[in-house]
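Remarks on the overall topology
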Number of protein chains: 2
Amino acid sequence: MDEAAPSFLPVAQQLERLRRGVVELVREEELHAKLERSRASRRPLTVKVGFDPTAPDLHLGHTVLLRKMRQFQDLGHRVIFVVGDFTARIGDPSGRSETRPPLSEEQILQHAETYKAQCLKILDPQRTEIRFNSEWLKGLDFEGVLRLASQYTVARMLERKDFKTRFDEGRSIAIHEFLYPLAQAYDSVVLRADVELGGADQLFNLLVGRDVMAAYGLEPQVVMTVPLLEGLDGVQKMSKSFGNYVGITEPPQEIFGKIMSISDELMWRYYELCTDLSPEGLAQMQQLVRQGRLHPKRAKEGLGMRIVADFHGEQAAQRAYEEFQRVFAAKGLPETIAEHRYPAGEGRVFVPRLLAGLGLVSSHSEAMRLVRQRAVEWDGEVLAPDTREVEVRSGETHLIKVGKRRFARVHFD
Amino acid sequence: MDEAAPSFLPVAQQLERLRRGVVELVREEELHAKLERSRASRRPLTVKVGFDPTAPDLHLGHTVLLRKMRQFQDLGHRVIFVVGDFTARIGDPSGRSETRPPLSEEQILQHAETYKAQCLKILDPQRTEIRFNSEWLKGLDFEGVLRLASQYTVARMLERKDFKTRFDEGRSIAIHEFLYPLAQAYDSVVLRADVELGGADQLFNLLVGRDVMAAYGLEPQVVMTVPLLEGLDGVQKMSKSFGNYVGITEPPQEIFGKIMSISDELMWRYYELCTDLSPEGLAQMQQLVRQGRLHPKRAKEGLGMRIVADFHGEQAAQRAYEEFQRVFAAKGLPETIAEHRYPAGEGRVFVPRLLAGLGLVSSHSEAMRLVRQRAVEWDGEVLAPDTREVEVRSGETHLIKVGKRRFARVHFD
C-alpha cells in the first residue's frame, strides 16, 4: 500500500458533513459510490467550482460556497477553482451591450489575483488549484463547438427558468447564450470533475454538465448546490448591486458593525451558513436565547467576531468588538433598538413624515420643531436645523435618534 | 477609363433576364442598386451559391440553379461556388446518426471534382470560382463562433419551417443545428457576397445571411431563389431518393428516354426551367400544340434533345433522338400511349388486378389467360406464363403492352 497516499474518513462521516446545508444533491447515491471508490483507491475526488471574474470583490454570500469547498478540502479532496476568464474576456460578443464590456487579459489576471487572495482566507492553499477556462476554451475550434452543441437540445435548454421566461414573454435570447452553459459543461469534461459545486441558482447549468459528460463517455459529475445567502436586509440575496452585502476585504470594524445591524432571525441564518458552528451548537444557543439566558445581542457579537476572525484573524475580531462597544457606549445607545422598514421612494425622504411614520414623534410640526432644536441625529450626526429632506438609497440602514431616548433603526427598501 | 474592365448591359435588361423564373427576390430595389453600382464602376457582382458535397451526382433539378448562375456569368458577373466541405467532413457531430457518416478529406475532394466536372457542363469555366468553406470555418475559434451566434436569436431561428414543426411537435432539435445556418451566413460575410442564389427551400438560410452580414457591418446580400423542379412523376421534387430524376452524367439515350416519358404538362415546366427557350418562344410553341399544328411528342423530342445537348453536346443529342426512334419503331409503339397512376402498395402488385384496373383487360381471368399465352409485356419484356405479381417501387414508371395494340404507361405512387 502506498504510504504517501492519503487516507479518508469513513464514507458515512464524509457524507454527513458534506450534505449539511446543501439545497440540492444530484445524486446522493452517486456521491456515495464516488466516495467509496475514492477511499478504497486512496485517491481524492476532483471538486470543481466556477467563478466569474467580472467583479473582483467577494462578499459573505460567496463564502457559503467557499466553506463547502473547504469542507471537501478538509476531508482530503482536491478543489479546482475555475476562473471563467474566457467569457469575461469576450464580454457581449454582439458588441451591442455597453453594460458588459469585455475585460482585458490584464484586468482578468488582476481580478483573478484578487479573487485568489480573498478565497484563500477560507480555502486551504495547499489543496486549492486555480485554472482559467480559456486554457481549453480558447483553442476550441468550430468543429469542437459543433460537437459540444450537438449534445444538448433546444427544448431542454429552454427549460432553464430565465430562458423560459424570456422566451414565453417574447423577449429575445441570442443563440450564443445557449453556448455558455455548454462551455461550463465542457470545463467539467476537460477537468473530469467528480463533483461540481455552485449556488442554488446554478442548478440548471450544473446539470447540463452531467449530461454533457455522459455524452463524452465520462462518468457524470455529482451536482451540489448551496443556498443563496440573504443580504443584510434579510430579503434579497446578498449582492453588491443591492448594497446589502458584507465584503470580504472590508475593514474589521465595518464588518462587525454590519453584522450587528442584522435582525435576530437573520443572525441564525448567518450562523448556519457562514460559521463552523455545528447544528447541535446552534440549537443550544437558540435555546439559551429563548430561555432569556443569553441576550441576542451577545449572540450577534459572537457571530460578528467569528466572521471578522475568518477574514482578518482573531486579534482583529477582538479589536473590532471592543471598538464597537466603545462607540456604542459613547453614543449612549440602548441594548435594543426598534427596527423598521421604510420605502426609499425616489431617493429622498421627508423627515417629518418619516419620524411620524416611525412613531418617534406625534406630528409633523413636532418633528420640525425638534429638528430646529438640533434634537434629531442621523447615524450619530445632528441634523442641521433647516433639514427637511434626507437622501437615502434602497438597501441602506440608518440609525435615527430623537431627543435623548427615542431610537429607531430604519431599513430603506 | 480602364479599357480592360468589363462593360455591362443596361441595368433594366440585366434585371429583366435575372428576374425570369425566380421564386423570391429580396429585394429587387437592392439588386437594382447593386447592378447600377457595378455598371458605373465596371466591377462585377459577386454571386454566391452553396452546394453540399455529400452526394456527388447532380441531376436536372440542380441545373435550374446552375442555369441562373450561368445567366449571371453571361451578364459579366462573378460566380463563387461554395462547397460545404466543412460540415460534410463533420457528419453528425453527436456521433449518434449512422445515416450521416462524416466524409473523409479525400472523399470530399473527389466529390468536389465530380461536382465541378458536372457543373461546368452548364457554367462558364472562366467565370466560375470554386471555394471550400473549410478554408475559413475550420479556423473559426470559439470566440468567433460566439460572436457569430450572438447575431441571431433563438426565436427567429425557430421560425424556420422545419425547426418550427419539430419544436411544436416536441421532436428534438440539437443546438448545433442552429449553428449551420449561421455558418452558411458566415460564408457570405467572408466572401462579401452581393447575391446569394439557392433553391426555394433555402430561403430562410439565405435570409439569415442578410441579417448576419448587416451585423458584421456589411451591405446585406440580395437573396434570389429558384423553383424546385418536379421529378419525372410531376408530383414530388426531383430527388435521387425518390428515383424520379435525370442525372447529369446519365448516358444520352437514358436521358432522352426519361424525358420522353414525362407528361405533356411537365414538359412545359421543364422547357421553362431547363432550357434557354424565351418566354415568347415557349408561348408560341404551346399555341402550335393547342392548334394541333405541332404534335406534343415532337415538342417533347425537342426538349429531350436540348437537355441531352446541354450535357453531352449536339451530336449526342441527335444520336439519342435517332436511336429512340429506331427502338420505338421496332417495338411498334403507337404515337401516344395512355398514362396512368397506380399505387405501388407494399412493393408488389397483383398483375390481373392491375391490368383490369387499367382497363387493358375486362376481367382477372382474361388477364391470367393472356399472361399464360405470353401476350403481356412489361417494359418490352414478355412476362413469364406463371407470373402473378410484379415488384414495383414508388416513383417508378413502367410501360405495359397487352396483346398487339393495347398499351399503358403506368406511374406507381
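In this report, the structure presented in the accompanying data block is examined.

**Examining the overall build of chain A**
- A tally of helices and strands in chain A yields 18 helices and 13 strands.
- C-alpha atoms of chain A, sized along the principal axes, occupy 75 × 55 × 40 Å.
- Of all 413 residues assigned to chain A, the portion counted as buried reaches 50%.
- A sequence separation of at least 24 residues applies to 69% of the contacts in chain A between residues at least 6 apart.
- Within chain A, one finds 57 positive and 59 negative side-chain charges whose respective centroids are separated by 4 Å.

**Let's talk about the side chain of Arg67(A)**
Residues and elements named next belong to chain A.
- Following the sequence through the fold, arginine 67 ends up in helix 3 (residues 60-74).
- For arginine 67, a relative accessible area of 10% translates into the label buried.
- Look past the residues within four positions of arginine 67 in its chain and what remains in contact with it is Ile122, Leu273, Cys274, Thr275, Asp276 and Asp310.

**A closer look at the sheet that holds strand 7 (residues 339-342) of chain A**
All names here are of chain A.
- One open sheet accounts for five strands, arranged 7-13-12-9-10; its pairing is mixed. Whereas interior strands pair on both sides, the edge strands pair on one side only; in this sheet they are strand 7 and strand 10 (381-382).
- As defined by bridge partners, strand 9 (residues 376-378) adjoins strand 10 across two bridges and the pair is classed as antiparallel. By the bridge assignment for strand 10, glutamate 377 is matched with valine 382.

**Considering the relation of the copies chain A and chain B**
- Of the transformation placing chain A onto chain B, the axial shift is 0.0 Å and the rotation is 180 degrees, giving an RMSD of 0.2 Å. Viewed as a symmetry operation, the transformation between the two copies matches a two-fold axis. Measuring from the rotation axis to each C-alpha of chain A, the shortest distance belongs to Asp141(A), at 2.2 Å.

**A few points about the packing of helix 12 (residues 252-260) of chain B against helix 15 (residues 296-312) of chain B**
Residues and elements named next belong to chain B.
- Where helix 12 contacts helix 15, the axes come no closer than 9 Å and their chain directions differ by 145 degrees. In the packing of helix 12 onto helix 15, the handedness of the crossing is right-handed. Between helix 12 and helix 15, the contacting residues are Pro252, Ile255, Phe256, Ile259 and Met260 on the first element and Lys297, Lys300, Glu301, Leu303, Gly304, Met305, Ile307, Val308, Phe311 and His312 on the second.

**What about the sheet that holds strand 5 (residues 195-199) of chain B?**
Residues and elements named next belong to chain B.
- Pairing is mixed across the open sheet formed by six strands, whose spatial order is 1-6-5-2-3-4. Edge positions in the sheet fall to strand 1 (24-26) and strand 4 (128-132), since each has one partner strand and no second. Recorded for the sheet is a direction-independent mean angle of 20 degrees between the axes of neighbouring strands.
- Both strand 2 (residues 46-51) and strand 3 (residues 78-83) contribute to a ladder of six bridges, which runs parallel. Note on strand 3: the bridge partner recorded for phenylalanine 51 is valine 83.
- Running at roughly 170 degrees to strand 6 (residues 222-226), helix 11 (residues 203-215) makes contact with strand 1, strand 5 and strand 6 of the sheet.

**Brief notes about the pairing of strand 12 (residues 397-402) of chain A**
Residues and elements named next belong to chain A.
- Within strand 12, five of the six residues are buried, which leaves the element mostly enclosed by the surrounding structure.
- Bridge analysis of strand 9 against strand 12 gives three bridges, and the strand direction is antiparallel. The residue bridging glutamate 377 from the neighbouring strand is lysine 401, located in strand 12.
- Pairing geometry for strand 12 and strand 13 (residues 406-412), over six bridges, is antiparallel. Each bridged residue has a counterpart across the sheet, and for isoleucine 400 the counterpart in strand 13 is alanine 408.
- Counting the residues in the hairpin turn of strand 12 and strand 13 gives three residues, including glycine 403, whose phi is positive at 65 degrees.

**Considerations on the interface of chain A and chain B**
- Facing 36 residues of chain A, the contacting portion of chain B comprises 35 residues.
- Overall, the association of chain A and chain B removes approximately 3100 Å² of surface from exposure, summing both partners, and the carbon and sulfur fraction of that is 75%.
- For the chain A face of the interface with chain B, the top three residues by lost area are Phe142(A), Leu146(A) and Ile175(A), together amounting to 25%.
- For the interface between chain A and chain B, the tally reads zero salt bridges.
- Summed over the shared surface of chain A and chain B, the number is 10 residue pairs in polar contact (both at pLDDT 80 or more).

**Some details on the environment of Lys237(B)**
All names here are of chain B.
- Considering the arrangement of structural elements, one finds lysine 237 in the loop between strand 6 and helix 12.
- Spatially, the C-alpha atoms of lysine 237 and histidine 295 are 27 Å apart, while their sequence positions differ by 58 residues.
- Excluding residues within four positions of it along the chain, lysine 237 makes contact with Asp201, Leu228, Leu229, Glu230, Gly231, Phe242 and Asn244.

**Details of the packing of helix 3 (residues 60-74) of chain B against helix 13 (residues 264-274) of chain B**
Residue and element names in this part refer to chain B.
- Between helix 3 and helix 13, the shortest axis-to-axis distance is 9 Å and the interhelical angle comes to 40 degrees. Between helix 3 and helix 13, the crossing angle belongs to the class labelled oblique. Where helix 3 abuts helix 13, its residues Leu60, Thr63, Val64 and Arg67 lie against Tyr270, Leu273 and Cys274.
- Here the contact of helix 3 with helix 13 is built from residues that sort into five nonpolar, one polar and one charged.

**Details of the pattern of salt bridges**
- All chains considered together, the criterion is met by 62 salt bridges over all chains.
- Among the salt bridges present, the one from Asp194(B) reaches Lys34(B), with a minimum N-O distance of 3.3 Å. Separated by 160 residues along the polypeptide, Asp194(B) in the loop between helix 10 (179-191) and strand 5 and Lys34(B) in helix 2 (residues 28-41) bring together distant segments of the chain. For the pair Asp194(B) and Lys34(B), one class covers both residues: buried.
- A salt bridge links Arg156(B) to Asp211(B), with the nearest nitrogen and oxygen atoms 3.2 Å apart. Here Asp211(B) lies in helix 11 and Arg156(B) lies in helix 8 (residues 154-157), a separation of 55 residues in the sequence.
- Salt bridges sharing common partners tie together Lys34(A), Arg37(A), Asp194(A) and Glu219(A).

**A word on the packing of aromatic side chains**
- Taken as a whole and assessed by the stated rule, the structure comprises 21 aromatic pairs over all chains.
- With a centroid separation of 5.7 Å and an interplanar angle of 75 degrees, the aromatic rings of Phe51(B) and Tyr115(B) are classed as edge-to-face. Here Phe51(B), found in strand 2, pairs with Tyr115(B), found in helix 5 (residues 105-119); they are 64 residues apart in sequence, far enough to count as distant.
- According to the relative accessible area criterion, Phe51(B) is buried, its value standing at 9%.
- These aromatic residues form a ring-pair network of at least three members: Phe51(A), Phe81(A) and Tyr115(A).
- For the cation-ring pair, Lys258(A) lies above Tyr245(A), with the distance from its terminal atom to the ring centre recorded as 4.8 Å.

Procedures and definitions
- Residues numbered from 1 in each chain as written.
- Chains lettered and ligands numbered in written order.
- Predicted model: local features only at pLDDT ≥ 70, side-chain atom pairs only at ≥ 80, totals over all residues.
- Heavy atoms only, no water.
- Helix = DSSP H or I, 4+ residues; strand = E, 2+ residues; numbered from the N terminus.
- Buried < 20%, exposed > 50% of the residue type's maximum accessible area, 1.4 Å probe, protein only.
- Contact = heavy atoms within 4.5 Å.
- Lys, Arg positive; Asp, Glu negative; His and termini not counted.
- Charge placed at Lys NZ, Arg CZ, Asp CG, Glu CD.
- Pairing = 2+ DSSP bridges.
- Least-squares fit on C-alpha atoms with pLDDT ≥ 70 in both.
- Axes fitted to C-alpha atoms, helices over the stretch in contact; angles between N-to-C directions.
- Left-handed = near helix turned anticlockwise from the far one by under 90°.
- Buried area = accessible area lost by both parts, 1.4 Å probe.
- Salt bridge = Lys/Arg side-chain N within 4 Å of Asp/Glu carboxyl O.
- Polar contact = N/O pair within 3.5 Å; in protein donor to acceptor, adjacent residues only side chain to side chain.
- Parallel < 35°, antiparallel > 145°, perpendicular 65-115°, else oblique.
- Nonpolar A, V, L, I, M, F, W, Y, C, P; charged D, E, K, R; others polar.
- Phe/Tyr/Trp six-rings, centres within 6.5 Å; stacked < 30°, edge-to-face > 60°.
- Lys NZ or Arg CZ within 6 Å of the ring centre and 35° of its normal.

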